[in-house]
Amino acid sequence: MQNQNEITFETRDMITIITINGDLTVVSEAPLKKAYNNANDCGVSKILLDFDPEAYINSGGIALIIQLLGEARKRNQMVGITGLSEHFKKVFSMVGVTKYARVYASVDEAIAAMSPAS
Amino acid sequence: MKAVKKSSEIMRMLDERTLEINLPNKIGYERIAMECSSSFAKLVGFSRDRIDDLKTAVSEACLNAMEHGNRWRSDARVIITMNFENDTFSVSVEDEGEGILDMPDEPDIDRKLDLLQTPRGMGIYIIKQLVDEVELNQRTKQGHVLRMILRMTAK
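The model shown is predicted, which means the values in this text are computed figures rather than measured ones. (Residues numbered from 1 in each chain as written. Chains lettered and ligands numbered in written order. Predicted model: local features only at pLDDT ≥ 70, side-chain atom pairs only at ≥ 80, totals over all residues.)

This next bit is on the packing of helix H2 (residues 48-69) of chain B against helix H4 (residues 123-130) of chain B. Residue and element names in this part refer to chain B. Where H2 meets H4, the axes come as close as 9 Å, and the angle between the chain directions of the two elements is 150°. One way to sum up the angle between H2 and H4 is to call them roughly antiparallel. Pair H2 / H4 crosses with left-handed handedness. Contact with H2, carried on its side by Asp53, Thr56, Ala57, Glu60, Ala61, Leu63 and Asn64, involves Gly123, Ile124, Ile126, Ile127 and Leu130 of H4 and no other residues of that element. Classifying every residue of the contact of H2 with H4 gives seven nonpolar, three polar and two charged. (Axes fitted to C-alpha atoms, helices over the stretch in contact; angles between N-to-C directions. Helix = DSSP H or I, 4+ residues; strand = E, 2+ residues; numbered from the N terminus. Parallel < 35°, antiparallel > 145°, perpendicular 65-115°, else oblique. Left-handed = near helix turned anticlockwise from the far one by under 90°. Contact = placed C-beta atoms within 7 Å. Nonpolar A, V, L, I, M, F, W, Y, C, P; charged D, E, K, R; others polar.)

Pasting the structure below:
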């Protein structure tokens, strides 16, 4: 019943973009952890989480992001977020996620803001 | 004592203003209630923003009912009743549990990142932020009801 995520990552301008295709719920835990761990194996310091604007996101999924932020903080990694609908930008802000992960309007804007020269 | 409803009907209109949905206690099925609430709210003229608020609130309420009220029991059901009257949309989510005995703390991102608070437990808080009124721990013969109210004008 639950949509399975396809979570991929790539690196652009020294920023690792973790693209979360599909919904973000508790079912996303394994693929999200795998993508994050794979990214860490490449020694990243900047991570951009790129969401699907049509995604269904619930509090179980947001909890996974909070856990990822905790791990990123331990590793002194910068985290950005893009791709969220206006509604979920509001919800992420509501629970404090945006205190530790800046929200950008697009991948390009995020890369420009997060790149080493900025 | 009224028997627990085990109807096979998933959805029915109780009258032209009231829709009832009877869901199995399985993760993922909350999306049926979300889409129904969205369609109903759109039909009666709610804005896109308010509909998004409603969908998320319904999702969180259903998931709470399934997990905490019904404890993921496969034989339990979640009954959602939606009504629109006098510019007010109300959604009641009924489970077979005892109610919210231990209200979760308000989410604190710093405490969560410091592992002093569970990363979960945000559902009730999110609901309260998104709807105009929330009534918790209403008891019925079947169990517990969480009721949410949205009015036509945005919060």
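Let's pick the thread back up.
Residues and elements named next belong to chain B. In space, the six strands of this open sheet follow the order S1-S2-S3-S4-S6-S5, with antiparallel pairing throughout. Only two strands of the sheet have a single neighbouring strand rather than two, namely strand S1 (11-15) and strand S5 (133-139). Across the sheet, the mean angle separating the axes of adjacent strands is 20° when strand polarity is ignored. Looking at chain direction, strand S4 (residues 88-95) and strand S6 (residues 144-151) are connected through eight bridges and run antiparallel. Bridge pairing links Val91 to Met148 in S6. Packed on one face of the sheet, helix H1 (residues 30-43) meets S1, strand S2 (18-24), strand S3 (77-85) and S4 and runs near 170° to S2. (Pairing = 2+ DSSP bridges.)

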